[in-house]
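Summary of the model geometry
What follows is each chain in one-letter form.
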Amino acid sequence: MADRKAPGALQVEKTPACEAMVIGAHPDDDDFAAGGTSALWAKQGKKVVWVVMTDGAEGSEIPDLVDTDLMLTREQEQRMACETLGVQAVEFLRYPDGHLTNSEAARKSLVRLIRKYRPRVVVTHDPSQHIFAPDPDEKPGDTAYLNHPDHRATGNIVLDAIFPAVGNPRSYRELLAEGLLPYQVHELYLFFSDRVNTYIDISEVIELKARGLQCHATQFEPDTNMLDMIKSWAEGTAREAKEKKGLEMHYAEAFRRIKLYVPEEEKESKE
Ligand SMILES: [Zn+2]
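Notes on the structure in this doc start here. All figures in this text were calculated on a predicted structure; none of them were measured in a lab.

Some thoughts on the packing of helix α2 (residues 67–85) against helix α5 (residues 206–214)
Running from amino to carboxyl end, α2 crosses α5 at an angle of 165°, the nearest separation of the two axes being 8 Å. Viewed along their axes, α2 and α5 adopt a mutual orientation that is roughly antiparallel. Between α2 and α5 lies a crossing whose hand is right-handed. Where α2 approaches α5, its residues Ala-81, Thr-84 and Leu-85 are matched on the opposing element by Leu-208, Arg-211 and Gly-212.

Here's what the structure looks like:
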């Protein structure tokens, strides 16, 4: 570890400026994975920011649609969803949908955003999750889901941005001139993970979560019963919370929670 007291050493900022930044690959990923948790935190007066990595231009069955039209429509849907949930800001990075890679440019754009908003928690896709597949002998009628490459890329970009670049005074030094100082993220919450250890009770905001998802009109059949669909998923997650942790919840969202930094005062209060 480098000498933090060396002459000219720049201190790493550890005080958050907002509660959470949720970073998803496509418009509607943040909603499905963390719409309830975001609405709950917003209701508690905490500032939540969302980021969408791609332009969402492959999110349709119609080859003839103009990319920019679909992109702008989906961004508008995402803004409406954020307003519904109480999410205070949303940033669109507009990388081409379906082609996101863990590039220098993508990492730098996230370093910029994380330093700008200084979230206590960063919430994103679990990059280690590649295949969701039932045992074909146990469930012969079910099919697998291959996790979208943009989801895996997003998780990798976020993790690689957080460590080491966001908190390293010598990474992306040109950002210092923009006032974007190195910052230490406190926690990571990974969603769509098979190593879940944290359940958030979203019972009081389940209707809001469904209403947020309904804003993504280009993504669902008009007669989709969003509330029923969301309730049945969130009920399944709540059952898991009961089985694994003995928690009593009606509706839940699940995350793999990873602590990266514990403030001194929190360490002391636990002793
Ligand atoms: Zn997605």
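Notes on unusual backbone geometry
Along the chain, Phe-163 connects to Pro-164 via a cis peptide bond; the corresponding omega equals 5°. Within the secondary structure, Pro-164 is located in the loop between α4 (149–162) and β7 (187–191). You will see that Arg-118, though not glycine, has its phi angle at about 45°, which is positive. Tracing the sequence through the fold places Arg-118 in the loop between α3 (104–117) and β4 (119–125). For Arg-118, a count of 20 C-beta atoms within 10 Å gives the class buried. Positive phi outside glycine occurs at Tyr-172, with the angle close to 50°. Secondary-structure assignment places Tyr-172 in the loop between α4 and β7. A residue is classified by how many C-beta atoms lie within 10 Å of it, and Tyr-172, with 20 of them, is buried.

Parameters at a glance
Residues numbered from 1 in each chain as written. Predicted model: local features only at pLDDT ≥ 70, side-chain atom pairs only at ≥ 80, totals over all residues. Axes fitted to C-alpha atoms, helices over the stretch in contact; angles between N-to-C directions. Helix = DSSP H or I, 4+ residues; strand = E, 2+ residues; numbered from the N terminus. Parallel < 35°, antiparallel > 145°, perpendicular 65-115°, else oblique. Left-handed = near helix turned anticlockwise from the far one by under 90°. Contact = placed C-beta atoms within 7 Å. Buried ≥ 20, exposed ≤ 12 C-beta atoms within 10 Å, placed from the backbone.

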